Amino acid sequence: MASLESSILVGGVSVAVVGGGIGGLLSSIEIAKLGFNVIVYEEHGAVGLPKHCTGLISETTLSEIIRSSGINHKNIIKAKFNEYAVMLLTPNKLSMAFNIKFNEYVYLIDRVMTEQLIAQRAEDLGVNIKLKTIVSDVLIDRSGMYLIKYIVSRNVKSKMFTHVIIAEGAKRTLSSRLKLCKSIRNCYGMQALIKFSNQHYFRTPLIIVGSLSKHYFGWIVPVSDDELLVGIMDSNSPIKIYRSLTMFIKKYLREFINNKDLKVREYFGGLIPCDMRCILGVRNLCSVGDASSLIKPFTGGGIYVITSQVKALTEALRKYQDDVATMYSIKLTPLIKILKRDLIVKKLIDTVGGYRIIVRFLSNFIDTLKVKNYDDMLSSLLRGFSIFT
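Draft legend 1. Fine view of the pairing of strand β8 (residues 146-152). Here strand β7 (residues 133-140) pairs with β8 via 7 bridges, running antiparallel. Along β8, the bridge assignment pairs Thr 133 with Val 152. Between β7 and β8, which pair antiparallel one after the other, the connecting turn spans 5 residues, and Gly 144 there sits at a positive phi close to 95°.

Okay, here's the thing in structure tokens:
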């Protein structure tokens, strides 16, 4: 044990990042830029897999990813939009409610390619990414060092670090074991990539509220001229969501687009935090991304939050290496206040009957909403964004 600790201390700060998703990878890049030793532990056999995310992000968030990672935006952008159509789904039909226009573009990125390119950049900076490696526990010794226990090829190994970043995703297994989360409540998002034999006519994403999802919504996102992403997010089990998704495709989508010749190429999805019951860390152990339970409550989006977390974490680690978690939490206080406010409003929306009630009400008065900030729609509303017919 002593020889292991001394070998780390010679190199200064050493950081273990648990999870090789976008949060863990961006964190590893920024930490490596500080000159610290970084090892990323990823349980899957490849970065970016399995697929689970739609990949819609704001121009601001995209710019932050590019700034941090240095990857070429041309390699990851699949489409861009400045308008959404909100649709009402009833047992009999799918009908238009109103449009949402954004001041800045919303980009559809190839999430798998994005994470793979970020991983390449991280390795170029000296980050060691260990695939097929499961971190089973994190222990702290009397000196304040962290012992990472991990499993690779059925062998249990361990290594000492000065700092640990938990970026394991929404399952939050370690976060719970380390008592960073009081409780865990996840929703599930499932999607189908649909291929057409000829061009479809969708040019903007559709947000679908109504009988498809009780607490959230569904979506149709044009990926290319002959491909669509169709998905649902809800608090039901993955099996029930899968059944709802397949029913929607068969009963509504084929008739709505008047095109019977479509094929589902693949289904994919994943867990999404539906609570904010986790703390950001203790001393030099911090969490990032879904592992911290910080997401946009209205949509379940997490990449925007991750880019803010990575900036705060990097600044805290640069200046306050003896107690990173405290300064990390302080720097994120303004964002957390906004997210908690949104969570309260989201719960009120659920109380009155969900998004379908709000959308049905608004559709009586407006044709288009103009929103200034894609990442903070409620603030745009509270500040008096433009509503015009």
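Draft legend 2. Fine view of the packing of helix α7 (residues 303-319) against helix α8 (residues 324-331). It is the contact of α7 with α8, at a shortest axis distance of 8 Å, that shows an interaxial angle of 140°. The angle between the axes of α7 and α8 places the two elements in the oblique class. Every pair of crossing elements has a handedness; the one defined by α7 and α8 is right-handed. Together, Gln 309, Ala 312, Leu 313, Glu 315, Ala 316 and Leu 317 of α7 and Val 324, Met 327, Tyr 328 and Lys 331 of α8 make up the contact between the two elements. A per-class count over the contact of α7 with α8 returns 7 nonpolar, 1 polar and 2 charged.

Draft legend 3. Spotlight on the packing of aromatic side chains. On inspection of all chains with the given rule, the structure shows 11 aromatic pairs. Between Phe 217 and Trp 219, the aromatic rings sit 5.9 Å apart at their centres with planes inclined by 65°, giving edge-to-face as the arrangement. Of the two residues examined, Phe 217 and Trp 219, each falls in the buried class. Clustering of aromatic rings is evident, with ring pairs tying together Tyr 41, Tyr 150 and Phe 161. The positively charged end of Lys 346 is found above the aromatic ring belonging to Tyr 216, 4.1 Å away from the centroid.

Draft legend 4. Representation of the sheet that holds strand β9 (residues 155-161). Pairing is antiparallel across the open sheet formed by 3 strands, whose spatial order is β7-β8-β9. Sheet topology places β7 and β9 at the edges, where each strand pairs with a single neighbour. The sheet shows a mean angle of 25° between the axes of neighbouring strands, taken without regard to direction.

Draft legend 5. Structural view of the confidence of the model for the protein chain. Averaged over every residue, the pLDDT of the protein chain is 89; residues scoring 70 or more account for 94%. Overall, residues 1-10 carries pLDDT values under 50, and its contacts beyond four positions in sequence, including any with other chains, amount to 14 contacts. Between residues 384-389, whose pLDDT stays under 50, and residues either more than four places distant or in other chains, the model counts 16 contacts.

Draft legend 6. Summary view of the nonpolar core. Counting residues in each nonpolar core, the largest one holds 50 residues, and the members touching the most others are Ile 118, Ile 129, Ile 165 and Tyr 328. In terms of residues, this core owes the most to one element, α7, which gives 9 residues. If we skip the residues at most four places from it in the chain, Tyr 328 touches Leu 280, Cys 286, Ser 287, Val 288, Gln 309, Ala 312, Leu 313 and Ala 316. One finds Ala 79, Phe 102, Phe 217 and Leu 378 within the second-largest nonpolar core, a separate group that totals 34 residues.

Draft legend 7. Structural view of helix α9 (residues 333-352). The first and last C-alpha atoms of α9 sit 29 Å apart over 20 residues, in line with the 28 Å expected at 1.5 Å per residue. Listed in full, the buried residues belonging to α9 are Leu 335, Ile 336, Leu 339, Asp 342, Leu 343, Lys 346 and Ile 349. For α9, the arc enclosing every buried residue in end-on projection is 135°, short of the 170-degree limit, so these residues lie on one face. In α9, the exposed positions that point more than 90 degrees away from the buried face belong to Pro 334, Lys 337, Ile 344, Lys 347, Leu 348 and Thr 351.

Draft legend 8. Summary view of unusual backbone geometry. A cis amide bond links Leu 49 to the next residue, Pro 50, at an omega of -5°. Within the chain, Lys 132 stands out as a residue other than glycine whose phi angle is a positive 50°. Its location among the elements puts Lys 132 in the loop between β6 (128-130) and β7.

Draft legend 9. Structural context of a positive patch on the surface. Together, Lys 182, Arg 185, Arg 277, Lys 340 and Lys 347 line one region of the surface with positive charge. Mapping Lys 340 onto the fold places it in helix α9.

The rules behind these values
Residues numbered from 1 in each chain as written. Predicted model: local features only at pLDDT ≥ 70, side-chain atom pairs only at ≥ 80, totals over all residues. Heavy atoms only, no water. Pairing = 2+ DSSP bridges. Helix = DSSP H or I, 4+ residues; strand = E, 2+ residues; numbered from the N terminus. Axes fitted to C-alpha atoms, helices over the stretch in contact; angles between N-to-C directions. Parallel < 35°, antiparallel > 145°, perpendicular 65-115°, else oblique. Left-handed = near helix turned anticlockwise from the far one by under 90°. Contact = heavy atoms within 4.5 Å. Nonpolar A, V, L, I, M, F, W, Y, C, P; charged D, E, K, R; others polar. Phe/Tyr/Trp six-rings, centres within 6.5 Å; stacked < 30°, edge-to-face > 60°. Buried < 20%, exposed > 50% of the residue type's maximum accessible area, 1.4 Å probe, protein only. Lys NZ or Arg CZ within 6 Å of the ring centre and 35° of its normal. pLDDT = per-residue confidence, 0-100. Core = buried A, V, L, I, M, F, W, Y, C linked by side-chain atoms within 4.5 Å. Expected span 1.5 Å × (residues − 1). Arc of directions from axis to C-beta. Patch = residues over 30% accessible without salt bridge, like charges linked within 9 Å, V, L, I, M, F, W, Y side chains within 5 Å. Areas by Shrake-Rupley, 256 points an atom, 1.4 Å probe, with all protein chains shown as cover. Salt bridge = Lys/Arg side-chain N within 4 Å of Asp/Glu carboxyl O. Lys, Arg positive; Asp, Glu negative; His and termini not counted. Charge placed at Lys NZ, Arg CZ, Asp CG, Glu CD.

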